Amino acid sequence: MIVETQPSEPMDMHFFLRDREHNFLRPAGIVRDQILGEWNGYDRSGYEASDTEPELTALPNGSIKLYLPAMPVGSKRTNQTLTLAYRDGAFIVAGFAYDYHDYLEDNVASDCDYNILTGKGKSSKMQPDGTTKQKTVAAGGKVIAFSEWNPGTGFSACGK
């Protein structure tokens with residue numbers, strides 16, 4: 001669950017796990033100030049629709065997809081997606097993906113999908129002539145707790 005603590009401040013994420021014996025959710029941790037975004041019309045009069053609302057999706061393998069849309073500042077937008085997994089009693093960042101686009105420039109876009117655990121992935125970058133150049137991402141595999149995640153780690157591995 002994503003919890004907004006103050007408007008325009010980084011949000012917290014509260015984790016819960018199912019208790020199989022009693023069929024309820026039990027608290028499994030809180031990661032503070034790790035999520036940027038704003039809620040769409042969330043309980044404030046006059047609050048306009050937000051295009052920066054984070055999204056959570058439960059994946060079939062038990063992981064969590066966390067989509068973080070770009071903040072609307074300038075023409076350059078970078079959307080991020082994290083794949084979170086529960087390993088050895090902690091929530092870790094198993095995957096990082098981004099897509100970047102400059103809305104005022106032609107042929108300025110890039111993306112990357114990087115598996116942090118294996119250190120492998122793929123990235124692409126649009127060239128000035130409109131073609132796309134693909135490359136393989138190869139970095140050492142890592143285990144990074146979500147509480148210690150820094151987006152720079154993913155961008156560095158992706159070559160941005």
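Reading the values: rules and limits
Residues numbered from 1 in each chain as written. Predicted model: local features only at pLDDT ≥ 70, side-chain atom pairs only at ≥ 80, totals over all residues. Heavy atoms only, no water. Core = buried A, V, L, I, M, F, W, Y, C linked by side-chain atoms within 4.5 Å. Buried < 20%, exposed > 50% of the residue type's maximum accessible area, 1.4 Å probe, protein only. Helix = DSSP H or I, 4+ residues; strand = E, 2+ residues; numbered from the N terminus. Contact = heavy atoms within 4.5 Å. Disulfide = S-S within 2.5 Å.

Asker: How should I be thinking about the nonpolar core in this particular structure?
Answerer: Across soluble globular proteins, nonpolar side chains show a tendency to be buried alongside one another. Counting 27 residues, the largest nonpolar core has Met13, Leu66, Leu82, Leu84, Phe96 and Phe146 as its most contacted members. If you list the elements that add at least two residues to this core, you get strand 2 (11-19), strand 3 (24-35), strand 5 (64-68), strand 6 (76-87), strand 7 (90-102), strand 8 (109-115) and helix 1 (151-158). At five residues, strand 7 tops the list of elements feeding residues into this core. Sequence-distant contacts of Leu82, that is, excluding residues within four places in its chain, are made with Ile64, Lys65, Leu66, Leu68, Val93, Gly95, Phe96, Phe146 and Trp149.

Asker: Even after reading the chapter, I still don't get the state of the cysteines, so can you show me in this structure?
Answerer: Should the sulfur atoms of two cysteines be covalently bonded, the bond is a disulfide. For the coordinates displayed, the defined rule picks out one disulfide. What pairs with Cys112 in a disulfide is Cys158, and their sulfur atoms sit 2.0 Å apart. Across the S-S bond of Cys112 and Cys158 the torsion is about -75°, and the bridge reads as left-handed. Taken together, the positions of Cys112 in strand 8 and Cys158 in helix 1 put the pair 46 residues apart, joining distant regions of the chain. You'll find Cys112 and Cys158 in the same group, each marked buried.

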